[in-house]
Amino acid sequence: MPSLTNSPLKPHVSGIVNGHGVMVLIDGCNTHNFIQDHIMRFLNLCVTLTTPLSVMVGDDNELSCSSLCRVVLILIQTHYFEVDLYFMSIVIADLVFGC
């Protein structure tokens, strides 16, 4: 089960999606990528329903994700990444990028 924790040791970097700046948390403990709901709407990303995914968050609660933005192009520094982003109410960054 993926986990989202609010650790000061996890780096934040600036990225660009659809021509807009976003703050990206790089989370090496995560195997999935997440986006805040208001950022998803602001960027006008297409959302599809998917099989629910359970995620453990920093306070040891479990949240469920059932919406996904597929194949979103993110520019971080000089590198482009095509990723799927699960919709989740997160507050630690605009996007969480799992590695």
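Residues numbered from 1 in each chain as written. Predicted model: local features only at pLDDT ≥ 70, side-chain atom pairs only at ≥ 80, totals over all residues. Heavy atoms only, no water.

**Structural notes on the side chain of Asp 94**
Turning to its location among the elements, Asp 94 is positioned in the loop between β7 (79–87) and β8 (95–98). Buried charge without a partner: Asp 94 forms no salt bridge, and the closest opposite charge is Arg 41, 12 Å away. A polar side-chain atom of Asp 94 sits 2.8 Å from the main-chain amide nitrogen of Met 23. (Helix = DSSP H or I, 4+ residues; strand = E, 2+ residues; numbered from the N terminus. Buried < 20%, exposed > 50% of the residue type's maximum accessible area, 1.4 Å probe, protein only. Lys, Arg positive; Asp, Glu negative; His and termini not counted. Salt bridge = Lys/Arg side-chain N within 4 Å of Asp/Glu carboxyl O. Polar contact = N/O pair within 3.5 Å; in protein donor to acceptor, adjacent residues only side chain to side chain.)

**Structural notes on the pairing of β8**
Residue alternation in β8 divides its side chains into two sets, Leu 95 and Phe 97 and Val 96 and Gly 98, and both sets are buried. In this sheet, β8 lies alongside strand β3 (residues 20–27) in parallel orientation, the contact comprising four bridges. The partner of Ile 26 across the bridge, within β8, is Phe 97. Bridge count for strand β4 (residues 34–35) against β8 is two bridges, and the pairing is antiparallel. Bridge pairing in β8 links Ile 35 to Leu 95. (Pairing = 2+ DSSP bridges.)

Spatial relationships are all this shows, so hold off on functional conclusions.
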